[in-house]
Amino acid sequence: MESIEKRLAHIKDEIRTAALACGRDPETIDLVAVSKKKSSAAVTSAIQAGVTLLGENYIQEAMDKINTIGNTPASWHFIGHLQSNKAKFAVPYFDLIHTVDSFKLAREINKQAAKINKRQAILMQVNIADEATKSGTTAASALALAREIAPLEHIHLTGLMGMPPFFDDPEGARPYFKAMANLFNTIQKEEIPGVDLEHLSMGMSGDFKVAIEEGSTLVRIGTAIFGSRE
Ligand SMILES: *Cc1c(COP(=O)(O)O)cnc(C)c1O
């Protein structure tokens, strides 16, 4: 098996190539290395190889890992489903929470962030294909939710996150990435005070090139960097 370092270099190269091929500046796309179910040692290797953003899905696992690894130059992103009663753990540990999908959760994050005097950056997760198995607000209610979240002083809504249905051929995901980008533009144009949409989090190991072509600014890649998860 190739080293994390080699795979990381390869992915960065592919991100760059995909960006340039569609006329985008590669610097506008950031890579979140998704380390769920991977060891602290694997994460440390990734950081040494130059990873600066790490994505985790499970609060307890993430806290254990972050505590084990200690201070790192890397920034941690929460990308899993977050229950309101876990917000108190997520807020002190994560620089960006990708998965806010209800006002109830936003309000709880706001409350916890206030306690530590933090303005928590978040993304709103949109269930762009209305799948029963996925979290996220509906596309139809996304703008209303953004307006509802905007006045919360300890929350900073900075973008959208979405996950299309799985397709063997990543082309199948394209219409959903397009719909995410349209929604992003629609909400951005509203210029809601306190809301600054800059991140569009979409694209994983199997479909990040298509996501980049459709405007992704944050790709979340696990398997292609760390290998398959058992
Ligand atoms: C696991 C996960 C990823 C990474 O998926 P890969 O296919 O391993 O690249 C990205 N985003 C979310 C929300 C995930 O849960």
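Here the structure is a predicted model, which is why all the values come from computation and not from measurement. (Residues numbered from 1 in each chain as written. Predicted model: local features only at pLDDT ≥ 70, side-chain atom pairs only at ≥ 80, totals over all residues. Heavy atoms only, no water.)

(A) Spotlight on the overall build of the chain. If you tally the helices and strands in the chain, you get nine helices and eight strands. Each principal axis of the C-alpha distribution contributes one length, and for the chain these read about 45 × 40 × 30 Å. Looking at the chain alone, contacts between residues at least 24 apart form 62% of all its contacts between residues at least 6 apart. Per element, the accessible surface of the chain, about 10800 Å² overall, is 50% carbon and sulfur. Treating the 25 positive side-chain charges of the chain as one cloud and the 28 negative ones as another, the clouds have centres 5 Å apart. (Helix = DSSP H or I, 4+ residues; strand = E, 2+ residues; numbered from the N terminus. Contact = heavy atoms within 4.5 Å. Areas by Shrake-Rupley, 256 points an atom, 1.4 Å probe, with all protein chains shown as cover. Lys, Arg positive; Asp, Glu negative; His and termini not counted. Charge placed at Lys NZ, Arg CZ, Asp CG, Glu CD.)

(B) Inspection of the environment of Thr17 at higher detail. You can see Thr17 is positioned in helix H1 (residues 4-21). The sequence separation of Thr17 and Thr72 amounts to 55 residues, and the corresponding C-alpha distance is 29 Å.

(C) Spatial organisation of the packing of aromatic side chains. Summed over the entire model, instances satisfying the criterion amount to two aromatic pairs. Taking 5.2 Å as the distance between ring centres and 70 degrees as the angle between the ring planes, the aromatic pair formed by Phe78 and Phe94 counts as edge-to-face. One end of the pair, Phe78, is in strand S3 (residues 75-78); the other, Phe94, is in the loop between helix H4 (87-93) and strand S4 (96-100), with 16 residues separating them in the sequence. Taken individually, Phe78 and Phe94 each receive the classification buried, so the pair is uniform in this respect. With centroids separated by 6.1 Å and ring planes inclined at 25 degrees, the aromatic side chains of Phe167 and Tyr176 adopt a geometry described as stacked. Here Phe167 falls in the partly exposed class, since its relative accessible area comes to 29%. Given a relative accessible area of 27%, Tyr176 falls into the partly exposed group. (Phe/Tyr/Trp six-rings, centres within 6.5 Å; stacked < 30°, edge-to-face > 60°. Buried < 20%, exposed > 50% of the residue type's maximum accessible area, 1.4 Å probe, protein only.)

(D) Local environment of helix H2 (residues 40-48). Of all the residues in H2, the buried ones are Ala42, Val43, Ala46 and Ile47. The arc that holds the buried residues of H2, viewed along the axis, is 140 degrees, so those residues lie on one side. Across H2 from its buried face, at more than 90 degrees, point the exposed residues Ala41 and Gln48. For H2, the elements touching its buried residues are H1, strand S2 (53-56), helix H3 (59-69), S3 and helix H9 (223-226). Just past H2, the residue Gly50 takes up positive phi, approximately 115 degrees. (Arc of directions from axis to C-beta.)

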